[in-house]
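Observations on chain architecture
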Amino acid sequence: MPISKIRLFLFFRILLGLLILAVLADFLLASLPGSISDYFQDHYLALAAGALALVLVFVRVNYFSYEDEYEIIHIRSKSLIFGDLSKQNRRYEFPKVLVTGYELARHPIYKKLTIHIQSSSGVRKTRVFNLSFVSRKDLDYVERSLSQIVQRNQKGAGRQA
């Protein structure tokens, strides 16, 4: 079952765009001649919109997608603020047989998924994903799926030894 938080991510991205437009509109309206600029001279709209944008930055809203159908796991993660520009824009695809372990940290403020992968050449890699704003139901599915994959891989490694 694919898990994707694209709707929530798009909502926050549109909200961030509107907040930036509100800041620009405040400064534009404050610079207009006439009585309308009197309403915007204190820049309350810009301060409120800027504060909300900062909250979005500190909350670290991001896009997360997980697919485990067939024999390959597909994981996508993208930052709300920097989008395609940052190194936080990650797209991973790897065979299930390479997964050796995982940890899912469920803290009240944030949730983090760490996946341990061992390549066929013996190189061990660790991938970390921010799962904030992923529902409990979806987190349970990801945890159940990875648990089954790790158990199956451990049984397969036991047969090969």
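Because the structure is predicted, anything quoted here is derived from the model rather than measured.

Within the chain, the secondary structure is distributed over four helices and seven strands. Its C-alpha atoms give the chain a radius of gyration of 22 Å, clearly above 15 Å, the size a compact globule of 161 residues would have. Structurally, the chain occupies a C-alpha span of about 80 × 30 × 25 Å along its principal axes. Going through the 161 residues of the chain one by one, you find that 32% of them count as buried. Restricting to contacts in the chain with at least 6 residues of sequence separation, those with at least 24 account for 49%. When the accessible area of the chain is evaluated, it comes to approximately 10,600 Å², of which 60% is carbon and sulfur surface. Taking the average place of the 22 positive charges on the side chains of the chain and the average place of its 13 negative ones, the gap between the two points comes to 9 Å.

Its location among the elements puts T114 in strand β6 (residues 111-118). A residue is classified by how much of its surface remains accessible, and T114, at 9% relative accessible area, is buried. Here T114 is in contact with G101, Y102, E103, T126, R127 and V128, once residues within four sequence places are set aside.

Moving on, we get to unusual backbone geometry. A positive phi angle, near 60°, is found at H43, a position not held by glycine. The residue H43 is located in the loop between α2 (36-40) and α3 (44-59) in this model. By relative accessible area, H43 is classed as partly exposed at 22%. One non-glycine residue with positive phi stands out, namely Y70, at about 65°. Along the polypeptide, Y70 turns up in the loop between β2 (62-67) and β3 (72-79). A relative accessible area of 71% means that Y70 is categorised as exposed.

Procedures and definitions
- Residues numbered from 1 in each chain as written.
- Predicted model: local features only at pLDDT ≥ 70, side-chain atom pairs only at ≥ 80, totals over all residues.
- Heavy atoms only, no water.
- Helix = DSSP H or I, 4+ residues; strand = E, 2+ residues; numbered from the N terminus.
- Rg over C-alpha atoms; globule rule 2.2 N^0.38 Å.
- Buried < 20%, exposed > 50% of the residue type's maximum accessible area, 1.4 Å probe, protein only.
- Contact = heavy atoms within 4.5 Å.
- Areas by Shrake-Rupley, 256 points an atom, 1.4 Å probe, with all protein chains shown as cover.
- Lys, Arg positive; Asp, Glu negative; His and termini not counted.
- Charge placed at Lys NZ, Arg CZ, Asp CG, Glu CD.

So far we have only geometry, and geometry alone does not tell us how the molecule works.
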